[in-house]
Amino acid sequence: MTGRDGAVAPHPGLAGGPVYLDYNATTPVDPRVAQAMAPYLTDFFGNPSSGHAYAGTPRRALAEARAHVAHLIGAGPGEIVFTASGSEADLLALRGTALASGRAQPHLITQATEHPAVLETLRALERLHGARVTVLPVDRDGLVEPAVLAAALTEDTVLVSVMAANNETGALQQVDELAALTREHGALFHCDAAQAVGKVSLDVKDLGVDLLTITGHKMYAPRGAAALYVRDGVELEPVVYGGGQERGLRAGTENVALAVALGTAARLAAAELADGAPARLTALRDDLHQRLTDGLPGRVHLNGPDERRLPNTLNVSVDGVLGHELLAAADQIAASTGSACHRGTHTPSPVLTTMGLDPARALGALRLTLGRWTTPNDIRTAATALIRAAARQ
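(A) Quick peek at helix α4 (residues 116-129). With 14 residues, α4 extends 19 Å from end C-alpha to end C-alpha; this agrees with the ideal 20 Å at 1.5 Å per step. Three or more residues of α4 are buried, namely Ala117, Val118, Leu119, Thr121, Leu122, Ala124 and Leu125. Of the surrounding secondary structure, the elements contacted by the buried residues of α4 are α3 (86-100), β3 (107-111), β4 (132-136), β5 (157-161) and β6 (188-192). Phi turns positive, to about 70°, at Gly130, one or two residues after α4.

Put into structure tokens, the structure is as follows:
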């Protein structure tokens, strides 16, 4: 299915539409993923926990899917727990650790640009379970300094949660160093890797993490397919109680079709990583950045690290414009800003302002994220549209 530009054959959902540059928000479902899961919605409907003939194929498919997900991140199949979303996986990791610790006031640490799925769960743990939470600052690139984490660890710390890659800037945290510090202190380390899995090579053993979140709709599987890596020996309080499925951590009859989708997506991602997909996306991303810089001299500013970021992510601010207005004027592309709209009033991205950007620059930000179906022609079209729209404002 590989085309002349190195991307896979055109996706039917993108045909005739604007250039899609919002892959960090969600990815189109790969037709190969949809094809693999389809029989488990119709022909192979059996409950994998049953003992009769209709259970055999779903049970084997579930095991195979678990093995594919595990292989992608260097884990064992028994360390993969399927969930319905990345947010649920985060909840299982954070709440599960806090409640299983047995401490009256467990201490958990995260960082300021973390995804709301982590930040809001920690606020709930404070409110409902008496947890203490420390939120670490980040530097200008959005990165946590290991020394800052070291100073925050206490004898009551049970978990540190730091994402692998930021969803807005693509900043890649120093997960291995942060996890090593945490491990030396005797606490567990959770990494929300929703944006990183499948885009860069990750190995849970090399990273030294105990828990890691995987989200299917960030890697060409449908929404509703996700997983949590739980290192052997880690004890968690279940997120759903009942029949004992998923190591007893998430009861409920398994959604075999979505597990197959995630497993297939993981298998395809592993093949793409081995075939040099990150280099292809980096070249396209940098071409887009250069075209914008050349077309709008002195007006384009990169947000986040220059090198230590996802290969598909470009977050830039354009002087003299508001990001949402620029995208509205460049309707040939579909992309995002980091700002939030409340009753017609836009507020700057908390991620960017936490990194120290002034509100005007943060409101001028664009998040342009590339993926499997992005082509060089898409980059040329997007750059031209944005340059023309900015010149009119």
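Next comes the rest of the write-up.
(B) Structural context of the sheet that holds β3. The 7 strands are arranged β2-β8-β7-β6-β5-β3-β4 in an open sheet whose pairing can be described as mixed. Only two strands of the sheet have a single neighbouring strand rather than two, namely β2 (80-83) and β4. Between one strand axis and the next, the sheet turns by 20° as a mean value, whatever way the strands run. Note: β6 against strand β7 (residues 211-215), 3 bridges, orientation parallel. Bridging from a neighbouring strand, Asp192 pairs with Thr213 of β7. Contacts from helix α2 (residues 53-73) reach β2, β7 and β8 (226-230), with the element oriented near 110° to β2.

(C) Molecular detail of α3. A rise of 1.5 Å per residue sets the reference length of α3, with its 15 residues, at 21 Å; its end C-alpha atoms lie 20 Å apart and thus fit the reference within 8%. Among the 15 residues in α3, 11 count as buried, and that is most of the element. Within α3, burial applies to Gly86, Glu88, Ala89, Asp90, Leu92, Ala93, Leu94, Arg95, Gly96, Thr97 and Ala98. Where α3 terminates, the next one or two residues include Gly102, which has phi positive at roughly 75°.

(D) Here's a closer look at the packing of aromatic side chains. Inspection of the entire model under this criterion finds 5 aromatic pairs. When the centroid spacing of 5.0 Å and the interplanar angle of 70° are considered together, the rings of Tyr20 and Tyr23 count as edge-to-face. Members of the aromatic cluster, joined through ring pairs, are Tyr20, Tyr23, Tyr220 and Trp373. Lying over the aromatic face of Tyr220, Arg372 brings its terminal NZ or CZ to 3.9 Å of the ring centre.

(E) Region of the structure containing the packing of α3 against α4. The contact between α3 and α4 brings their axes to 9 Å, and the two run at 35°. The element α3 and its partner α4 pack so that their crossing is right-handed. Facing Ser87, Asp90, Leu91, Leu94, Arg95, Ala98 and Leu99 of α3, the residues of α4 in contact are Ala117, Val118, Thr121, Leu122, Leu125 and His129. Counted by class, the contact of α3 with α4 contains 8 nonpolar, 3 polar and 2 charged residues.

(F) Structural context of the pairing of β4. Sheet analysis places β3 next to β4, joined by 5 bridges and oriented parallel. Along β4, the bridge assignment pairs Leu108 with Val133. Chirality of the crossover, the property in question, places the unit of β3, α4 and β4 among those that are right-handed.

(G) Main features of the sheet that holds strand β14 (residues 365-369). Pairing within the open sheet is antiparallel, and its 3 strands lie in the order β9-β10-β14. The two strands at the open ends of the sheet, each matched to only one other strand, are β9 (300-302) and β14. Recorded for the sheet is a direction-independent mean angle of 35° between the axes of neighbouring strands. Of the pairings in the sheet, the one linking strand β10 (residues 313-318) to β14 comprises 5 bridges and is antiparallel in character. If you follow Asn315 over to β14, its bridge partner there is Arg367. Those strands touched by helix α9 (residues 277-295) are β9, β10 and β14, and its axis lies near 10° from that of β10.

(H) Spatial organisation of the pattern of salt bridges. Applying the stated rule across the entire model yields 13 salt bridges. A salt bridge links Arg32 to Asp30, with the nearest nitrogen and oxygen atoms 2.9 Å apart. A residue is classified by how much of its surface remains accessible, and Arg32, at 24% relative accessible area, is partly exposed. Looking at Asp30, the relative accessible area reads 0%, which means it is buried. In this structure, the salt-bridge partner of Asp156 is Arg103, at a minimum N-O distance of 3.1 Å. Within this pair, whereas Asp156 is found in the loop between α5 (146-152) and β5, its partner Arg103 is found in the loop between α3 and β3, the two being separated by 53 residues in sequence. Overall, the relative accessible area of 26% leaves Asp156 in the partly exposed class. Connected through shared salt-bridge partners, Asp30, Arg32, Glu272 and Arg372 make up one network.

(I) The side chain of Gln195, seen in detail. Assignment of secondary structure puts Gln195 in the loop between β6 and α7 (204-207). Its relative accessible area of 5% is what places Gln195 among the buried residues. Within the structure, Gln195 has its side chain in polar contact with the backbone oxygen of Asn24 (distance 2.8 Å). The residues touching Gln195, leaving out its near neighbours within four places in the chain, are Asn24, Ala165, Asn167, Lys218 and Leu310.

(J) The arrangement of the pairing of β6 in detail. For β6, a buried count of 5 out of 5 residues is recorded, marking the element as mostly surrounded by other parts of the structure. Every second residue of β6 is oriented toward a common face, with Leu188, His190 and Asp192 on one face and Phe189 and Cys191 on the other, all of them buried. Pairing geometry for β5 and β6, over 3 bridges, is parallel. Along β6, the bridge assignment pairs Val160 with Phe189. Chirality of the crossover, the property in question, places the unit of β5, helix α6 (residues 175-184) and β6 among those that are right-handed.

Cut-off values and rules
Residues numbered from 1 in each chain as written. Predicted model: local features only at pLDDT ≥ 70, side-chain atom pairs only at ≥ 80, totals over all residues. Heavy atoms only, no water. Helix = DSSP H or I, 4+ residues; strand = E, 2+ residues; numbered from the N terminus. Expected span 1.5 Å × (residues − 1). Buried < 20%, exposed > 50% of the residue type's maximum accessible area, 1.4 Å probe, protein only. Contact = heavy atoms within 4.5 Å. Pairing = 2+ DSSP bridges. Axes fitted to C-alpha atoms, helices over the stretch in contact; angles between N-to-C directions. Phe/Tyr/Trp six-rings, centres within 6.5 Å; stacked < 30°, edge-to-face > 60°. Lys NZ or Arg CZ within 6 Å of the ring centre and 35° of its normal. Left-handed = near helix turned anticlockwise from the far one by under 90°. Nonpolar A, V, L, I, M, F, W, Y, C, P; charged D, E, K, R; others polar. Right-handed = clockwise from strand over helix to strand, strands pointing away. Salt bridge = Lys/Arg side-chain N within 4 Å of Asp/Glu carboxyl O. Polar contact = N/O pair within 3.5 Å; in protein donor to acceptor, adjacent residues only side chain to side chain.

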